[in-house]
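# Close look at the chain arrangement
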Amino acid sequence: MSAEVPRQAVGTHSGIVHVLDLTGKRVKSFKPHQASVSDMEMDSTADFVATSSIDGQVVVQSLSTQESYMFDMKRPIRTVALEPNFAKRSSRAFVCGGMAGTLVLREKGWLGHKETVLHSGEGPIWHVRWRTHLIAWANDFGVKIYDTQSQSRITYIERAPDSPRADLFKCTLHWQDDTTLLIAWADHIKVARIRARPRTTATSSNANLSPLLVEVTAAFQLDHMISGILPHPMSTPPPPKENGSIASSITLTSFLVLAYEPPDDFGDEMTDDRIRQARKTAERPELRIISRTGEEISADVLSVAGYQSWACNDYLLAEVDAGGSDTDRCYIVGSPKDIVFVRPRDRRDHIAWLVERQRYEEALDEAEKLGEDEATTDSTGHRIDVVYIGERYLKYLVGEDIQDQVLLLVEFDQELREKRKETGVDGFEPGSEAISMLVDHAHSIPVDRVVEQLRSRPDYLFLYLDALFKKDQHLASDFADIQVQLFADYAAPRLIEYLRASNYYNLEAAYSICRSRDFVPEMVFLLGRMGNNKKALNLIIERIGDVQQAIAFAKEQNDDDLWEDLLGYSETRPTFIRGLLENVGAEIDPIRLIRRIKNGLEIPGLKEALIKILHDFQLQISLLEGCQTIMNGDCSDLAKIRQKGQNSGFFLGEKATCPLCVEPLRRLPQDLLLLFLCRHLVHATCIDGVDDLPRYNEGVLDTRLSPTHELSTKIAL
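Residues numbered from 1 in each chain as written. Predicted model: local features only at pLDDT ≥ 70, side-chain atom pairs only at ≥ 80, totals over all residues. Heavy atoms only, no water.

On to the overall build of the protein, then. For the protein, the helix and strand inventory stands at 19 helices and 29 strands. Burial status across the protein gives 40% buried among its 717 residues. In the protein, once contacts between residues fewer than 6 apart in sequence are set aside, the share between residues at least 24 apart is 48%. Put simply, the protein shows about 40800 Å² of open surface, and 50% of that area lies on carbon and sulfur atoms. (Helix = DSSP H or I, 4+ residues; strand = E, 2+ residues; numbered from the N terminus. Buried < 20%, exposed > 50% of the residue type's maximum accessible area, 1.4 Å probe, protein only. Contact = heavy atoms within 4.5 Å. Areas by Shrake-Rupley, 256 points an atom, 1.4 Å probe, with all protein chains shown as cover.)

Here it is in structure tokens:
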């Protein structure tokens, strides 16, 4: 596995290479090998990827063009490294090594690739990495460094004595910078620093020495095996200067290691005991931060699939520098089944940790210290700021016993809402979440207790009772008079709506409140409810002066005396007379209204109003005549249909029964039957008073009788 912004490449045991973006989405795949991919490296531009395999092939493939190089090394290759700035160099050089024990440098020349053997004869080459002009590699004896400028080997760093098998616990080399090499092998870490050799007088003994030398600045042993190592910056508090001022912060480097805990009997391969030879279950891998002195600073266990079966060499650790700063650095952990994306913990993670443990007050204090660029979403998709934490805090408080902390809850919610308004949070809704929660839990949090605690804050009390009334009017019935007062104070335009919807308030008290504030429409409504229609109508005429409302009020009350009062009030008001003339209907007789107009009273628009009345009546007459014509036609058609049905004949079956006695109609030939217009046939003996019925010829029962027979005509008449 190898990673460079914006891509990462993963090799498989089947020889396939998958190129992914940093979100895990596959970009492309290709198959350069027929066997397992043993090592790979991407150049700094993420355009070229070099792969080695145990099939003996080394392949360098461009991800954006058709450029590709393939070399058959004849023996399994364990590792490969590209020269720095590979994509920008014409030499296209790389170095590789494997089971043949030979480290080979290949570079492109005029006549093709030239091969140079840098080292051989000391066992397999396990790992190689190239930085600037320095190449470091590891074999069974230790780590060596080669200088391409002087074309000489600089140093040899011996492998720790009594180390476990090199093929079971790999060596990891990582260049921290141009002069610092990190070496992790089995359970040992060494830090090698390359520096220029001090200048001395040239003699025959030092004439062939390399211009560079290496010193090991740190070496220590850990209590676990190492599957990967990377430098990890750690910011420390700035120390005070001698004059009392504060120096700038210092960034020290520790080690991020991928720790592997082997089974206790991993060294028992040579035993004859089959039970001890059986492969033991491995522990979960861990990411640990180790200081320069070898002390463990932190440890995080990783959850990877199938960890019980993986060995130390099955894990990989890579670094991705997404933005060039320490805060943008992230890491990738690879296993045979998983790729884990790892980011260093920051203040947002600490806040999320506090929220997870319901330490909301501490989380709010920390969130207020976040900068605007830091108040972004965390890994769970939630925004880390006081708004998000406040919402979680509210839900937590509602879940606790808050019957005596209602005011605190609502005040906190209001502050939170104001904060959301200031920050312009998307999806802001005007409703109060705390009020909604109190209303939803009205059966567990008594309403009277909430009202008692909110009396000192009538604005919050109004919000609570209003929401409670919308949910269930009966829940707020005991506080209807208080609610009328609160509507008058905080939502006067909605007071009339509440007065119409509620039946629980005291009419006299509500009228007194409205009169003190001179709410005329509300006073009119309340007077109407109290039965004082004349006073209400007088308010409409005197205070509002709206003839339409006066007419609507009179229609709503459906009181003849009220109409008479309205007409009496209108006698001296020309505008009202005109309004009544324009709105005459079933309730007002226009003749009755016109007769009340005093002689000499000037009424603007009277002519137009009278013309409208005449036009409306003419239209009504026309509609009535049209309806009469339609009704007459319908009656005639229905009469014809009825007559046709009565004149038509019908068949009488031999098995027909009398509906009264349920016996056959034709029991005997001399039986007398009665036929009704509804076409029912009954025995004459089943009807009382049969002797008084008129007698007709028996031929009327003949089914062959003509429909125009005299009997049918007379019956129809």
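In this model, Val-5 is joined to Pro-6 through a cis peptide bond whose omega is 10 degrees. Here Pro-6 is to be found in the loop between strand 1 (2-4) and strand 2 (7-11). In the Ramachandran plot, Ala-186 falls in the positive-phi region, its phi being about 60 degrees despite a non-glycine side chain. Here Ala-186 lies in the loop between strand 18 (180-185) and strand 19 (188-196).

The subject of this paragraph is the sheet that holds strand 17 (residues 171-177). Consider a sheet: its strands pair through backbone hydrogen bonds, and that pairing is either parallel or antiparallel. The antiparallel open sheet is built from four strands, whose spatial order is 17-18-19-20. In this open sheet, the two strands that pair with only one neighbour each are strand 17 and strand 20 (212-221). Taken over all neighbouring pairs, the strand axes of this sheet differ in orientation by 20 degrees on average, direction set aside. Examined bridge by bridge, strand 17 and strand 18 share six bridges and lie antiparallel to one another. Paired with His-174 across the two strands is Leu-182, which belongs to strand 18. (Pairing = 2+ DSSP bridges. Axes fitted to C-alpha atoms, helices over the stretch in contact; angles between N-to-C directions.)

Read across the open sheet, the four strands follow the order 13-14-15-16; overall the sheet is antiparallel. Pairing within the sheet leaves two strands with one partner each, and these edge strands are strand 13 (127-131) and strand 16 (152-158). With direction set aside, neighbouring strand axes in the sheet form an average angle of 15 degrees. Alignment of strand 14 (residues 134-138) against strand 15 (residues 142-147), held across five bridges, turns out to be antiparallel. Looking at strand 15, one finds that Leu-134 is bridged to Asp-147.

The next point concerns the pattern of salt bridges. With the rule as written, the count across this model stands at 23 salt bridges. Glu-83 is the salt-bridge partner of Arg-89, the closest N and O atoms lying 3.9 Å from each other. Taking relative accessible area as the criterion, Glu-83 reaches 8% and is therefore assigned buried. Among the salt bridges present, the one from Glu-452 reaches Arg-455, with a minimum N-O distance of 3.6 Å. A relative accessible area of 54% places Glu-452 in the exposed class. Each member of the salt-bridge network shares a partner with another, and the members are Asp-223, Glu-261, Glu-286, Arg-288 and Glu-296. (Salt bridge = Lys/Arg side-chain N within 4 Å of Asp/Glu carboxyl O.)

This part takes up the nonpolar core. By size, the foremost hydrophobic cluster in this structure holds 57 residues, and its most contacted members are Tyr-464, Leu-499 and Tyr-505. Of all the elements, helix 8 (residues 458-471) adds the most residues to this core, at seven residues. Every residue in contact with Tyr-505, bar those within four places of it in the chain, is listed here: Ala-480, Asp-481, Val-484, Tyr-498, Leu-499, Ala-510, Phe-525, Leu-526 and Arg-529. Leu-134, Val-214, Leu-302 and Trp-310 belong to the second-largest nonpolar core, a separate cluster that totals 40 residues. (Core = buried A, V, L, I, M, F, W, Y, C linked by side-chain atoms within 4.5 Å.)

By secondary structure assignment, the location of Glu-522 is in helix 12 (residues 520-530). With near-sequence residues (within four places) excluded, Glu-522 lies in contact with Ala-492, Leu-495, Ile-496, Leu-499 and Cys-514.

Our next topic: the packing of helix 11 (residues 507-516) against helix 12. Close contact between helix 11 and helix 12 brings their axes to 9 Å; oriented N to C, the two are set at 155 degrees. The pairing of helix 11 with helix 12 is recorded here as roughly antiparallel in orientation. Crossing geometry of helix 11 relative to helix 12 is assigned as left-handed. In this structure, helix 11 contributes Leu-507, Glu-508, Ala-510, Tyr-511, Cys-514 and Arg-515 to the contact, and helix 12 contributes Glu-522, Met-523, Leu-526, Leu-527, Arg-529 and Met-530. Split by residue class, the contact of helix 11 with helix 12 holds eight nonpolar, no polar and four charged. (Parallel < 35°, antiparallel > 145°, perpendicular 65-115°, else oblique. Left-handed = near helix turned anticlockwise from the far one by under 90°. Nonpolar A, V, L, I, M, F, W, Y, C, P; charged D, E, K, R; others polar.)

The subject of this paragraph is the pairing of strand 6 (residues 48-53). Within strand 6, six of the six residues are buried, which leaves the element mostly enclosed by the surrounding structure. Where strand 5 (residues 37-42) folds back onto strand 6 in an antiparallel hairpin, the turn is made up of five residues, including Ala-46, whose phi is positive at roughly 60 degrees. Relative to strand 7 (residues 57-62), strand 6 runs antiparallel, the two being bridged by five bridges. Bridged to Val-49 within strand 7 is Gln-61. Adjacent in sequence and paired antiparallel, strand 6 and strand 7 are bridged by three residues, among which Gly-56 carries a positive phi angle near 90 degrees.

Note that Asp-43 resides in the loop between strand 5 and strand 6. No salt bridge is formed by the buried Asp-43; its nearest oppositely charged neighbour, Arg-7, is found at 7.5 Å. (Lys, Arg positive; Asp, Glu negative; His and termini not counted.)

For the pair helix 12 and helix 13 (residues 533-544), the least separation of the axes is 7 Å and the interaxial angle reads 160 degrees. By the criterion of interaxial angle, the relationship of helix 12 to helix 13 is roughly antiparallel. In this structure, helix 12 crosses over helix 13, and the sense of that crossing is left-handed. Residues Val-520, Met-523, Val-524, Leu-527 and Gly-528 of helix 12 touch helix 13, and the partners they reach there are Asn-533, Lys-535, Ala-536, Leu-539, Ile-540, Arg-543 and Ile-544. Each residue belonging to the contact of helix 12 with helix 13 can be placed in one class, and the counts come to eight nonpolar, two polar and two charged.

This next bit is on the packing of aromatic side chains. Counted under the stated rule, the structure contains nine aromatic pairs. Ring geometry for Tyr-260 versus Tyr-315: centroids 6.3 Å apart, planes at 45 degrees, classification tilted. Pair noted here: Tyr-260 is in strand 22 (residues 250-260) and Tyr-315 is in the loop between strand 24 (296-301) and strand 25 (316-321), with a separation of 55 residues, a long-range link. As far as the burial class goes, Tyr-260 and Tyr-315 line up, both buried. These aromatic residues form a ring-pair network of at least three members: Phe-462, Phe-469, Phe-487, Tyr-490, Tyr-498 and Tyr-505. (Phe/Tyr/Trp six-rings, centres within 6.5 Å; stacked < 30°, edge-to-face > 60°.)

The sheet contact formed by strand 23 (residues 286-290) and strand 24 spans five bridges and is antiparallel. Considered in strand 24, the bridge of Leu-287 is made with Asp-300. A loop of five residues connects strand 23 with strand 24, the two strands running antiparallel in sequence, and Gly-294 in this loop sits at a positive phi of about 90 degrees.

Following the sequence through the fold, Ala-480 ends up in helix 9 (residues 480-490). For Ala-480, a relative accessible area of 1% puts it in the buried group. Sequence separation between Ala-480 and Asn-506 is 26 residues, and the spatial gap between their C-alpha atoms is 8.0 Å. If near-sequence neighbours (up to four positions away) are discounted, Ala-480 is found in contact with Tyr-498, Tyr-504 and Tyr-505.

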